[in-house]
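Residue strings, one per chain:
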Amino acid sequence: MQLKQRRIGKRLRKASQRLLEQKRGPAPTGTLAIAGVMAAPAAMAAAQPGEWELNSAILIYSETDRVTAIEPVFQASRYFDNDRIFSAKLVVDALTGASASGAVPAQTFQTFSRPSGRGAYTVGPGDVPLDDTFHDTRVALSSTWSQPLGTNLSGSFGLNVSKEYDYLSIGGSSVLNWDFNKKNTTLTLGLGYAQDQISPEGDIPTALAYQSYASGSDAEQSQSNYAAQEGSDNAERALRDGSDSKAVADVLVGLTQVIDRRSLVQLNYSLSLSDGYLTDPFKVVSVVDASDGTPQGQIYEHRPDSRLKQSLFVRGKRALENDDVVDLSYRYLFDDWGLRSHTVDVRYRWGLGEWFVQPHVRYYQQSATDFYQAFLIDGQPLPEDVSADYRLGDMQAFTAGVEVGRSAGAWGQWRVALEYYRQTPDEPSDKPGALAALEVAPAVEAVMVRFNYDFKL
Amino acid sequence: MPVRAKPELARAGDLLVWRFEAMASPCEVLIDSADVNEARAVGRSVAEEVWRIERKFSRYRDDSLLAELHGCAGRPFEVDAETARLFDYGQELHALSDGAFDLTSGVLRRAWTFDGSERIPEREAVSALQALIGWSKVSWNGRVIELPIGMQIDLGGIGKEYAADRALLRARRRSNSPVLINLGGDLCCSGPRRGRRPWQIGVDTEGHGQACRMVLLNSGALATSGDANRYLMRDGVRYSHVLDARTGWPVSASAHAVTVAAPSCIEAGSLATLALLNGAAAERFLAHERVPHWITR
Amino acid sequence: MKNLFLSALALAVLGALGGCASLGVEPWQRDVLARDEMSLGYDPVTAGLDDHIYFSKEASSGGRGFGGGGCGCN
């Protein structure tokens, strides 16, 4: 027999106060001051049921002379009873500046066409050509629902949409967590799928086709040379498709294990399969003369239309006797493009009462994909896939930074981080002629400033 | 009367724990203090209060107040202020549960033994007992009660939680140190621990008899009602130990275990009981009441 | 680096094999592990921002967990 459904809380509260001879309730605050915690180590420490948790952040990423990005993030999570959580996140990503197009510098001035086909830009001698046509703003919205699915089983389901003026991505993911051993061991299975569509301004370039290009001993000469042969790629442009697409499927299998009262370890295996248009439509590869190294032109790059990436990731977190926390992780990644990379990431959190200071160091090293070539030699047959994007080449990267934060009691928690990021791609060793004296892949340095503010309602 | 183990003081991490037995449950008083003498004094005063309430309202003792009341069945019986408050509270719960909760339903014990077996009582046996159940048959004016002959009052449903809250009041008068009282799973605390840290509590939210979830408590109370082995199984049908006083039979589709947090132990325990009485609608009921809760089916 | 990886792998595999009785803690011993900063999912907003930066500037991505959303930065 069901009891009549109506709110009896007030009557019960009054009755219990009379029973205990209390004039007013023992808890002066409106909500009950109890914090519920999910015992699985892999889960985020939950707020109280009925509460909102709000996380906001802004990141400013600025490379010397290149790209600058400003990225505000806002995430809101609503906690329900029985460990159910709904959360939604909004990310806005505003980019300005220029990034390397993949072409090599020369001893002369060079004029390149913009990928959109509208206009050209000129680059001085010795300067690495930087293409600035991608100031773009991206907006991404994602939402997730998590809930228990049974004894020791919980899951979350998410949807994501991301939009730039020339790019659209829609995807979904699902993560299952299975606890055993009194929740000391957790097995995680994640599946994700996304469908992306790219419609670049200027359409999808024909793979390995030549761009309009000219060079000259000074800027005016280079530009007039370019004007003379402008329109030479009109035929190729007319044949282009307006858009192309790709699909990405991700699988993650993970194991989290509590070692002792102060430490835990996580081990993940991930697999990612991308299929479709994986080329960057804005990147080119210079074709240089075999003897003197002067660029003769450039072709649009082309990458294989599928990529299978796998990675092994291990992470350990330990709270030391003095309540500091060490977080150390290592990732080994390899794919069928021939790429291999190692990533080591260390964070040390100094707890100082309400403040904390957390230095951070990250070291990254990758070895080039099979089809990466800093440039092509004129006269040699074109390979099926080639890219001069330095982000696919032999490279090391180093990040060092520090984060400082303070918990402000009822006002939440804020933190500020300052990081320095430096990429050092390897110079190719076989630069012919004049190219040998020029730096093709200079180091890229960036400074990142981040501010976070979290609070509960 | 079973012989009780001697109370003792022990250390648990940086807490002092006073353990004693009462109301057929292991009880403990946790004090966030390094002062052993203070811990003993607080622990003793808590145990004394719990034993006092147990003695006064026990249904097993001949010298309890309830035994005296049952001996006076059929005649008016004046009770003291504390007992009056408990009867008033039971009356309120009776109204809030539309009669499913009833202080007079204790006699059903004679028909139902929840030991995991298949022995369910005969319909006639339960119907016969139903004649002796019903708060409406009792005459209660706030000070004087008149119980019809054969009827009994059983405070088992609210006694332990009431004792926890009362004992906490005594402990708070005794000491300023943070205190947590745990009477066999019904617990309440005076506030957060030193340094504003919450109490960490291992709770048996799934009713397996083993702690499986950790809850952090800053203030207020927590009560768990679980059926563990207290059920009957016959012809594939599970009879839970939660009896609806209006019928004398178990509530259908009642949850396996319910844990509720509330400002006082009596409130938490009553909400957990009402949730179980709500059968399949337990989740809806507790969600409507907006209290932190965990339900296992 | 390889040693750390191998020993962590060994630890995790041991943990998976039906669970060593000695590895792990009782539910009431989770006081330290319950702290926000000990959670592996702590600060997902920063993790997402970092992932996005490194995904745009390097050829590797993921491994840590699942994030949401794709972008046109390859």
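## Description of the sheet that holds strand β11 (residues 220–226) of chain B
All names here are of chain B. Pairing is antiparallel across the open sheet formed by eight strands, whose spatial order is β1-β2-β3-β7-β8-β11-β14-β15. The open sheet has two edge strands with one neighbour each: β1 (8–12) and β15 (293–296). With direction set aside, neighbouring strand axes in the sheet form an average angle of 15°. Note: strand β2 (residues 15–22) against strand β3 (residues 25–31), seven bridges, orientation antiparallel. What sits directly across from L16, in β3, is I31. Helix α5 (residues 156–174) contacts β3, β7 (179–183) and β8 (186–189) of the sheet and is inclined by roughly 155° relative to β7. This element, helix α6 (residues 265–277), spans β8, β11 and β14 (257–262) of the sheet and lies at about 30° to β11.

## Some words on the packing of helix α1 (residues 9–19) of chain A against α6(B)
Look at α1(A) against α6(B): their axes get within 9 Å of each other, and the N-to-C directions meet at 135°. Taken together, the axes of α1(A) and α6(B) are oblique relative to one another. Classified by chirality, the crossing of α6(B) by α1(A) is right-handed. In this structure, α1(A) uses L12(A), R13(A), S16(A) and L19(A) to contact α6(B), whose residues at the interface are I266(B), E267(B), S270(B) and L271(B). Residue composition of the contact of α1(A) with α6(B), by class: four nonpolar, two polar and two charged.

## Focus on the pattern of salt bridges
One pass over the full model with this rule turns up 45 salt bridges over all chains. R303(A) serves as the salt-bridge partner of D389(A), at 3.0 Å between the closest nitrogen and oxygen. Of this pair, D389(A) sits in the loop between β22 (376–377) and β23 (395–407) while R303(A) sits in the loop between β17 (295–300) and β18 (306–319), and the two are 86 residues apart along the sequence. Assessed through its relative accessible area of 3%, D389(A) is described here as buried. Its salt-bridge partner being D63(B), residue R61(B) comes within 3.0 Å of it at the nearest N-O pair. Take D63(B): its relative accessible area is 56%, and that puts it in the exposed class. The network of salt bridges with shared partners includes E21(A), E49(B), R52(B), K56(B), D80(B), E82(B), R85(B), R166(B) and R170(B).

## Description of the nonpolar core
In this structure, F20(B), F87(B), I145(B) and I153(B) are the most contacted members of the largest nonpolar core, which totals 73 residues. No other element matches α6(B), which puts eight residues into this core. If we skip the residues at most four places from it in the chain, F87(B) touches L66(B), L69(B), V79(B), L103(B), W135(B), W140(B), I145(B), I153(B) and L155(B). Core analysis: the next-biggest nonpolar cluster, separate from the first, contains 21 residues, A397(A), V444(A), V45(C) and L49(C) among them.

## Description of helix α4 (residues 123–130) of chain B
Listed in full, the buried residues belonging to α4(B) are V126(B), L129(B) and Q130(B). Buried residues in α4(B), looked at end-on, bunch into an arc of 110°, giving them a common side.

## Structural notes on the sheet that holds strand β16 (residues 284–288) of chain A
Residues and elements named next belong to chain A. Read across the sheet, three strands follow the order β17-β16-β22 without closing on themselves; strand pairing throughout is mixed. Of all the strands in the sheet, the pair left with one neighbour each is β17 and β22. As defined by bridge partners, β16 adjoins β22 across two bridges and the pair is classed as parallel. Across the sheet, residue V288 finds its bridge partner in β22, namely I377.

## A word on the side chain of Q413(A)
Tracing the chain through its elements places Q413(A) in strand β24 (residues 413–425). There is a polar contact of 2.4 Å between the side chain of Q413(A) and the side chain of R415(A).

## Quick word on the interface of chain A and chain C
Taken together, the contacts link 97 residues of chain A with 58 residues of chain C. Taking both partners together, chain A and chain C bury about 6400 Å²; carbon and sulfur atoms supply 57% of that area. The largest per-residue losses of area from chain A upon contact with chain C belong to K182(A), R261(A) and R391(A), which jointly make up 10% of the total buried on that side. Along the contact surface separating chain A from chain C lie five salt bridges.

## Considering the confidence of the model for chain C
All names here are of chain C. Of the residues in chain C, 57% have a pLDDT of 70 or more, and the chain-wide mean is 72. Contacts for the low-pLDDT stretch residues 68–74, under 50 throughout, to residues beyond four places or in other chains number 23 contacts. As a predicted assembly, this complex carries a pTM of 0.67 together with an ipTM value of 0.88.

## Remarks on the environment of K182(A)
All names here are of chain A. Turning to its location among the elements, K182 is positioned in the loop between β11 (167–180) and β12 (185–198). Judged by relative accessible area, which is 39%, K182 ranks as partly exposed. When the C-alpha atoms of K182 and N152 are compared, they prove to be 8.9 Å apart, with 30 residues separating the residues in sequence.

Rules and cut-offs
Residues numbered from 1 in each chain as written. Chains lettered and ligands numbered in written order. Predicted model: local features only at pLDDT ≥ 70, side-chain atom pairs only at ≥ 80, totals over all residues. Heavy atoms only, no water. Pairing = 2+ DSSP bridges. Helix = DSSP H or I, 4+ residues; strand = E, 2+ residues; numbered from the N terminus. Axes fitted to C-alpha atoms, helices over the stretch in contact; angles between N-to-C directions. Contact = heavy atoms within 4.5 Å. Parallel < 35°, antiparallel > 145°, perpendicular 65-115°, else oblique. Left-handed = near helix turned anticlockwise from the far one by under 90°. Nonpolar A, V, L, I, M, F, W, Y, C, P; charged D, E, K, R; others polar. Salt bridge = Lys/Arg side-chain N within 4 Å of Asp/Glu carboxyl O. Buried < 20%, exposed > 50% of the residue type's maximum accessible area, 1.4 Å probe, protein only. Core = buried A, V, L, I, M, F, W, Y, C linked by side-chain atoms within 4.5 Å. Arc of directions from axis to C-beta. Polar contact = N/O pair within 3.5 Å; in protein donor to acceptor, adjacent residues only side chain to side chain. Buried area = accessible area lost by both parts, 1.4 Å probe. pLDDT = per-residue confidence, 0-100.

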